[in-house]
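Fold and contact review
Now for the letters of each chain:
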Amino acid sequence: MKQHNQIKTTAIRCFLAISAIFLPAFQAAAQTYSLSNTWTQIASASANPTNNQDTSADNRAMCYDISSNIVVANNKGNQIITTYDGNTGVSNGVVNDSGLSGGNFTLNKIGFASDGIMYGANLNTTVSPSSAYKLYSWTNLGVAPYNCYATTGSDALGVFTTSTSRRLGDTWAITGGGANMLILAGMGGTNAFALFYTTDGVNFTPTIITIPGTSFPIPGSGVQFGLCFYTNNTFLINPDGGSGYLYLVQFPTNYQTAPSPVIATVLATNTSVAGNWLDLSYSPSAGLLATHANASAQITLYSLPASNFSLLAELATTNLSFSTSTSINGNETGDVALGGAGFSNMIYTLDTSAGIQATAIGFAAAPLAPVISVEPVGGTVYTNAGSFVFSVSATGTQPLSYFWQYNTVSNLDTATDISGANDSTYTICCPLMTNASGWYDVVISNAGGVTSSIPVQLTVSLPTSSLLVTQLWSLAPGSQPYLDSSSYDTRGLAYDTNTGSVLVADKGTDFGIFVLDANTGTNKFTMNARGIGQTGDLFDLDQIGVGDDGVLYAGNLVPAGSGGVFGLVYWDSVSTNAAPYQSFLGDPGNGSGDRWGDIMAVRGAGFNTEILLGSYLGYDGGPSTNASLLTTPDGSNFIATTLTITNANGIPAGFCSLGIAFGASNTFWAKSPGFDLFQIAFDPATGNCDVLQDIPAPQNGTSAFNSMSSICLDVANNLLAGITFNDVPNDLSIYQLPSGGAAPYLFDQVFFPSVNGNIQANGVTAVKYPRMYSLDVNNGILAVTYAVPPPPSLPPFSTAVADVQGVGLVLTWQSVSNHTYQVESESALSKPGSWVNVGSPVRATGATTSYTNTLSTTANQFYRVVGQ
């Protein structure tokens, strides 16, 4: 992980420039090939079944068998046709040559069809009806071949050669199998070819194909061609005397019925890879072409898609490892064959009078360009978070390079490359400052390409703070056995002023209620919690609270429809010898179908004790627009009154599920994650309720207010506090509550000691002036002291008014009782620092306060009110 303590403002580089520099190279990147020689068989003075290659120009044919063997023919005297293991070069058998006859060489070319049948042909320098060109087939290499064609006076080849004999058999090409089998043989000194086809898969019939001389070089006295089929009715040819160019030739599809000779067409000529190739082998499935040039002993591999001849391109080249030259192979004969799986793993080369070489084709896949699988995520954090980490996940060929950029959105031309941040993560820290705010993205590159992430925005803010709030202590996850970072077990918290204790409830492995010193956070003792919990509940212990008289209350958590009931127990004091007693057992909703026990508030003492429960968001079938008020007629046993919102259409389900607090008199406040802040008036006798306030946002907060819950209320001092779960880190946010319906005003934030997930937004805040204690599940406990702040300053009145002596201008504003305000004025809002006092400070006595200006002033004054 790379960490940087500031944003560098040098090395400015724009992504467009990156693209211009790197993209051409990336576009050229592709799969790569290499050739390496694996084995050879060197020709000797005489041939034998183990090595049938001699130095007397007798070996002119070689082919690859789909069983991974190669076959080599020697046509001197009694033919020796030997098979070799394609992987090792070791001879492993001979082919039956019984019945071969005629021609200058009785067997000059061989090849395998796709169905595994081997075919062969003689070499005849004077083909005519009386000097036949012959084709043979082997369905089994150990059995004598079948003569599947011999020239007659009536077939197309016999007719074509009646007046002038032709040389046929030096080169050929074979494709297909069965009834789709085709053999193409070139004639020396002419632009004619003999094409052999079969209708029964056994016997062959010839037709003559000619290429017009204006589009194709006639090889004169030369007799050799590099020749192979391409696709369908096309073939490739590199004619002797043709400047080494490669021609793509097409013959008509009606060649079987058209009059012979059939005219073929040169579709294309490739002049960029001139090579004087004697032998060609093509694999349509692999898109590979192998060539052998005798004069240079060079073997070359080309890419050649079956769909586009113009994309012919050299991939790799090597030479025969043994000595060869035209003086050794004066006839410039031989063969080349692609082999191995898919005809793409090996090149086998026969160089007449020199030997055989097996060349392995090495393949490295094209590098895969980067693809982002997880985009970076921005956010809003406070400087005291310490750091912020951007991260990205991407796939693609390694290594991947990362170029993090800053402010690419606001001004692309001055985007700053964050020097040294070549990593999948980028951490801003040490310290985290507000000037780190901006847009960030990352450019990821490798040998295969370049891609850029979406730009994401980071906002770093200074927290709101006040000298009136002081942190007493905090407990981080792991500091106590009952505080961890992930279990969601520790869910309850309460504050007892009678004993100076903070109580923490854990429902999990460390089940119990733990008593801490309110001044230091150190453990004092554990309450006796034996026997609490009810049959059918979800948690035996969830929320706790302490009355003003020091009585401790605890409740379970029971989902609707589970068969369980909500139970409330109490301890008459926070002490080691106190035992729990049942004080309520039943349905707080009186049949509403809600879930109870996620949140609880306690106020009062003795007969005046009241307990408030919120209903959880309707996962359990209930409407979750209810609350429940528990009251006691005897100070020990409680009865439940369901608090029903009469204008339910204006209240969303779950509005009080995770945050509820008593307000002044018969009111309560509710704030749950994702909901507005509501003030509700209730009738404790009937349970009827009315919405007094619906506050969507504070006066000076951010959108994080929406996530706040776990609230508490200092009624006497008009202070509201709660945990803001979308702030990073989570914080205890303390707000002033102006009277008269004004939105709350944020005046301090205290941050929790860790940044762990709390997706359920569970927490509790307890307040009794001048202390607040807050539990953020999985993130620990905060303890603070506070003093009562002055009321927030009100914004300037935005309308210019005339103030005439003797009449008096009356200014009225919302206020907080017992707080002091000062009216100020100025003649123009464009003059900061020019505000002057108007009269003496005014002490508020209610929700609104008025002041009448009796002093002589000029017209067009602006006014504001400042809290003191």
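The rules behind each value
- Residues numbered from 1 in each chain as written.
- Predicted model: local features only at pLDDT ≥ 70, side-chain atom pairs only at ≥ 80, totals over all residues.
- Heavy atoms only, no water.
- Pairing = 2+ DSSP bridges.
- Helix = DSSP H or I, 4+ residues; strand = E, 2+ residues; numbered from the N terminus.
- Axes fitted to C-alpha atoms, helices over the stretch in contact; angles between N-to-C directions.
- Salt bridge = Lys/Arg side-chain N within 4 Å of Asp/Glu carboxyl O.
- Buried < 20%, exposed > 50% of the residue type's maximum accessible area, 1.4 Å probe, protein only.
- pLDDT = per-residue confidence, 0-100.
- Contact = heavy atoms within 4.5 Å.
- Polar contact = N/O pair within 3.5 Å; in protein donor to acceptor, adjacent residues only side chain to side chain.
- Phe/Tyr/Trp six-rings, centres within 6.5 Å; stacked < 30°, edge-to-face > 60°.
- Lys NZ or Arg CZ within 6 Å of the ring centre and 35° of its normal.
- Disulfide = S-S within 2.5 Å.

1. Topic: the sheet that holds strand β55 (residues 719–724)
- In spatial order, the strands read β54-β55-β56-β57; together these four strands make up an open sheet with antiparallel pairing. Because the sheet does not close on itself, it has two edges, and the strands there are β54 (708–714) and β57 (745–751). The mean angle between the axes of side-by-side strands here comes to 25°, regardless of whether they run parallel or antiparallel.

2. Here's the deal with the pattern of salt bridges
- Taken as a whole and judged by the stated rule, the model has seven salt bridges.
- For Asp 170, the salt bridge is made with Arg 167, and the minimal N-O distance between the two is 2.5 Å.
- Asp 170 gets classed as buried once you look at its relative accessible area, which sits at 5%.
- Residue Asp 598 pairs with Arg 595 through a salt bridge whose shortest N-O separation is 2.8 Å.
- Asp 598 sits in the buried class, given a relative accessible area of 3%.
- Through salt bridges that share partners, Arg 491, Asp 542, Arg 595 and Asp 598 make up one connected network.

3. A look at the confidence of the model for the protein
- Of all residues in the protein, 88% have pLDDT values of 70 or greater, and the mean over the chain is 87.
- Segment residues 1–28: pLDDT under 50, and 62 contacts once partners within four positions in sequence are set aside and those in other chains are kept.

4. Remarks on the side chain of Ser 754
- In this structure, Ser 754 sits in the loop between β57 and β58 (763–768).
- Residue classification places Ser 754 among the buried residues on the basis of a relative accessible area of 15%.
- A polar atom in the side chain of Ser 754 sits 2.8 Å from the side chain of Asn 779.
- Look past the residues within four positions of Ser 754 in its chain and what remains in contact with it is Pro 477, Pro 729, Asn 778 and Asn 779.

5. Observations concerning unusual backbone geometry
- Residue Pro 261 is bonded to the preceding Ser 260 through a cis peptide linkage, with omega at 0°.
- Inspection of the secondary structure assignment puts Pro 261 in the loop between β17 (246–250) and β18 (262–263).
- With omega at 0°, the peptide bond leading from Gln 398 into Pro 399 counts as cis.
- Mapped onto the elements, Pro 399 comes out in the loop between β30 (393–395) and β31 (401–406).
- In this structure, Ala 761 takes a positive phi of about 55° despite not being glycine.
- Along the polypeptide, Ala 761 turns up in the loop between β57 and β58.
- Backbone geometry at Asn 778 places phi at a positive 75°, although glycine is not the residue there.

6. Thoughts on the packing of aromatic side chains
- A complete count under the given rule lists 30 aromatic pairs for this structure.
- Ring geometry for Tyr 119 against Phe 204: centres 5.6 Å apart, planes inclined by 85°, an arrangement best described as edge-to-face. A residue pair is termed long-range when its members are at least 10 positions apart, and Tyr 119 in strand β8 (residues 118–127) and Phe 204 in the loop between β13 (192–197) and β14 (205–210) qualify at 85 residues. The same class applies to Tyr 119 as to Phe 204, namely buried.
- Relative to Trp 404, the ring of Phe 390 has its centre 6.2 Å away and its plane inclined at 35°; by these criteria the two rings are tilted. Of this pair, Phe 390 sits in strand β29 (residues 387–391) while Trp 404 sits in strand β31, and the two are 14 residues apart along the sequence. Both residues of the pair, Phe 390 and Trp 404, belong to the buried class.
- A network of ring pairs unites the aromatic residues Phe 388, Phe 390, Trp 404, Tyr 406, Tyr 426 and Tyr 440 as a single cluster.
- In this structure, Lys 507 packs its charged tip against the face of Phe 539, placed 4.1 Å from the ring centre.
- A cation over an aromatic ring shows up here: Arg 595 above the ring of Tyr 616, its NZ or CZ 4.3 Å from the ring centre.

7. Some details on the environment of Gly 379
- With respect to the helices and strands, Gly 379 occurs in strand β28 (residues 379–382).
- As a C-alpha pair, Gly 379 and Val 389 span 10 residues in sequence and 9.9 Å in three-dimensional space.
- Setting aside anything within four residues of it in sequence, one finds Gly 379 in contact with Phe 388, Gln 457, Leu 458 and Thr 459.

8. Some words on the state of the cysteines
- Under the defined criterion, the tally for this structure stands at zero disulfides.
- Cys 656 supplies the cysteine sulfur nearest to Cys 689, a cysteine that is in no disulfide, at a spacing of 9.4 Å.

9. What to know about the sheet that holds strand β25 (residues 346–351)
- Here we have four strands laid out as an open sheet, ordered β2-β26-β25-β24, and antiparallel in their pairing. Since the sheet does not close on itself, it has two edges, and those belong to β2 (32–42) and β24 (334–339), each with one partner. Across the sheet, the mean angle separating the axes of adjacent strands is 20° when strand polarity is ignored.
- Looking at chain direction, β24 and β25 are connected through six bridges and run antiparallel. Each residue of the ladder has a partner; that of Val 336, found in β25, is Thr 349.

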